[in-house]
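In case you want the letters, here they are:
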Amino acid sequence: MTATIALVDDDKNILTSVSIALQAEGFVTRIYSDPDGALKALLDNPADLAVFDIKMPQMDGLELLRRLREKSQMPVIFLTSKVDELDEALGLAMGADDYIAKPFSQRLLIARIRAILRRAEASRTPAAADEPVIDPIVRGRLEMDPARHRVKWDGKDVTLTVTEFLILETLAARPGVVKNRNQLMDAAYQDDVYVDDRTIDSHIKRLRRKFREVDSDFNAIDTLYGAGYRFSEE
């Protein structure tokens with residue numbers, strides 16, 4: 001099935017050029033220069049993935065994401081300027097799946113879109129009869145069901161994006177074993193899609209925040225400075 005990509009940006013030149021590039025790759029595109037109209041349209045008729053600019057008048061991309069996340073876990077990629085490091089980190093903390101700094105390569109954007117769509121599809125698609133059954137992961141109070149993309153802590157649901165789920169799955173698969181940032185990048189970003197260290201760190205911070213929303217004492221993800229991260233099974 002052809003994936004539909006929603007583009008939200010007040011710069012009509014970017015909307016046009018990115019839309020043409022995506023259509024050339026076989027995607028269906030929907031473009032919006034008005035964030036309010038985009039929000040209503042995406043809630044009424046969700047796309048497979050959305051690309052938001054952060055700096056927009058009336059409603060910026062962060063507010064648009066906040067409102068979208070109240071009702072939808074649609075994958076979202078942010079477009080940011082190189083000086084918007086705070087906005088990038090905040091966007092990831094609010095639930096964006098990735099970000100790309102302007103000026104950006106359309107080839108890189110397309111690669112990241114494909115990677116996120118593949119991960120999202122893998123998390124939704126039931127295994128075929130001849131495929132091996134993926135056993136749930138149980139580590140102390142953590143329960144992960146990769147086949148259904150479900151996570152529980154102390155029996156309480158924790159909603160994770162595809163990227164967050166893959167990072168946590170990599171850590172929880174071998175409790176106590178330190179995973180460096182490159183290993184976590186390989187798990188969450190396939191096909192040589194480049195991300196920097198700060199992206200992985202932001203995902204880890206967001207993971208901790210989400211678990212602390214259901215357990216304020218959550219401390220199962222350790223940071224070993226200069227080495228990486230590990231999951232500590234209680």
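What you are looking at is a predicted structure, and each value in this text was computed from that prediction instead of being measured.

**So, the pairing of strand S5 (residues 98-102)**
Burial of S5 is extensive: four of the five residues sit out of reach of the surface. Looking at chain direction, strand S4 (residues 76-81) and S5 are connected through five bridges and run parallel. Bridge pairing links Ile77 to Asp98 in S5.

**A closer look at empty space enclosed by the protein**
For the coordinates displayed, the defined rule picks out one cavity of 30 Å³ or more. Volume-wise, the largest cavity comes out at about 50 Å³. Lining of the largest cavity is provided by Leu7, Val8, Asp9, Ile14, Leu15, Val18, Val51 and Leu79. Those elements that provide at least two residues to the lining of the largest cavity are strand S1 (4-8) and helix H1 (12-24). Across the lining of the largest cavity, the residue classes break down as seven nonpolar, no polar and one charged.

**Focus: the UniProt feature "modified residue: 4-aspartylphosphate" (unreviewed entry) in the protein**
The UniProt feature table records "modified residue: 4-aspartylphosphate" (unreviewed entry) at Asp53. The class of Asp53 is buried, set by a relative accessible area of 4%. Those residues in contact with Asp53, other than ones at most four positions away along the chain, are Val8, Asp9, Asp10, Gly61, Leu79 and Lys102.

**Description of the sheet that holds strand S2 (residues 28-32)**
With respect to topology, five strands assemble into an open sheet ordered S2-S1-S3-S4-S5, the strand pairing being parallel. For this open sheet the edge positions go to S2 and S5, each flanked by a neighbour on one side alone. Within this sheet the neighbouring strands show an average axis-to-axis angle of 20 degrees, counted without direction. Sheet contacts for helix H2 (residues 35-44): S1, S2 and strand S3 (49-53); angle to S2, the most-contacted strand, approximately 140 degrees.

**Observations concerning the packing of aromatic side chains**
What the rule picks out here adds up to four aromatic pairs. Relative to Phe211, the ring of Trp153 lies with its centre 5.8 Å away and its plane at 85 degrees, an arrangement referred to as edge-to-face. Of this pair, Trp153 sits in strand S8 (residues 150-153) while Phe211 is found in helix H8 (residues 197-212), placing the two residues 58 residues apart along the sequence. In terms of burial, Trp153 and Phe211 fall into one category: buried.

**Here we look at the nonpolar core**
Side chains of nonpolar character tend, in soluble globular proteins, to be buried together. Core analysis: the biggest nonpolar cluster contains 24 residues, and Leu142, Val151, Leu168, Phe211, Ile221 and Phe231 have the highest contact counts within it. Elements with a minimum of two residues in this core: strand S7 (142-145), S8, helix H6 (162-173), helix H7 (181-188), H8 and strand S11 (228-231).

**Some words on unusual backbone geometry**
A negative phi angle characterises most non-glycine residues, just as the trans form characterises most peptide bonds. Backbone geometry at Gln58 places phi at a positive 70 degrees, although glycine is not the residue there. Assignment of secondary structure puts Gln58 in the loop between S3 and helix H3 (61-69). Judged by relative accessible area, Gln58 falls into the exposed class, the value being 74%. Despite not being glycine, Asp154 has its phi angle at roughly 55 degrees, a positive value.

Rules and cut-offs
Residues numbered from 1 in each chain as written. Predicted model: local features only at pLDDT ≥ 70, side-chain atom pairs only at ≥ 80, totals over all residues. Heavy atoms only, no water. Buried < 20%, exposed > 50% of the residue type's maximum accessible area, 1.4 Å probe, protein only. Helix = DSSP H or I, 4+ residues; strand = E, 2+ residues; numbered from the N terminus. Pairing = 2+ DSSP bridges. 1 Å grid on protein atoms, 1.4 Å probe; cavity = no way out; pocket = protein on both sides within 12 Å on 5 of 7 lines; lining within 4 Å. Points joined across faces, edges and corners; volume = space filled by probe spheres on them. Nonpolar A, V, L, I, M, F, W, Y, C, P; charged D, E, K, R; others polar. UniProt positions renumbered as here; feature names shortened; annotations may be inferred. Contact = heavy atoms within 4.5 Å. Axes fitted to C-alpha atoms, helices over the stretch in contact; angles between N-to-C directions. Phe/Tyr/Trp six-rings, centres within 6.5 Å; stacked < 30°, edge-to-face > 60°. Core = buried A, V, L, I, M, F, W, Y, C linked by side-chain atoms within 4.5 Å.

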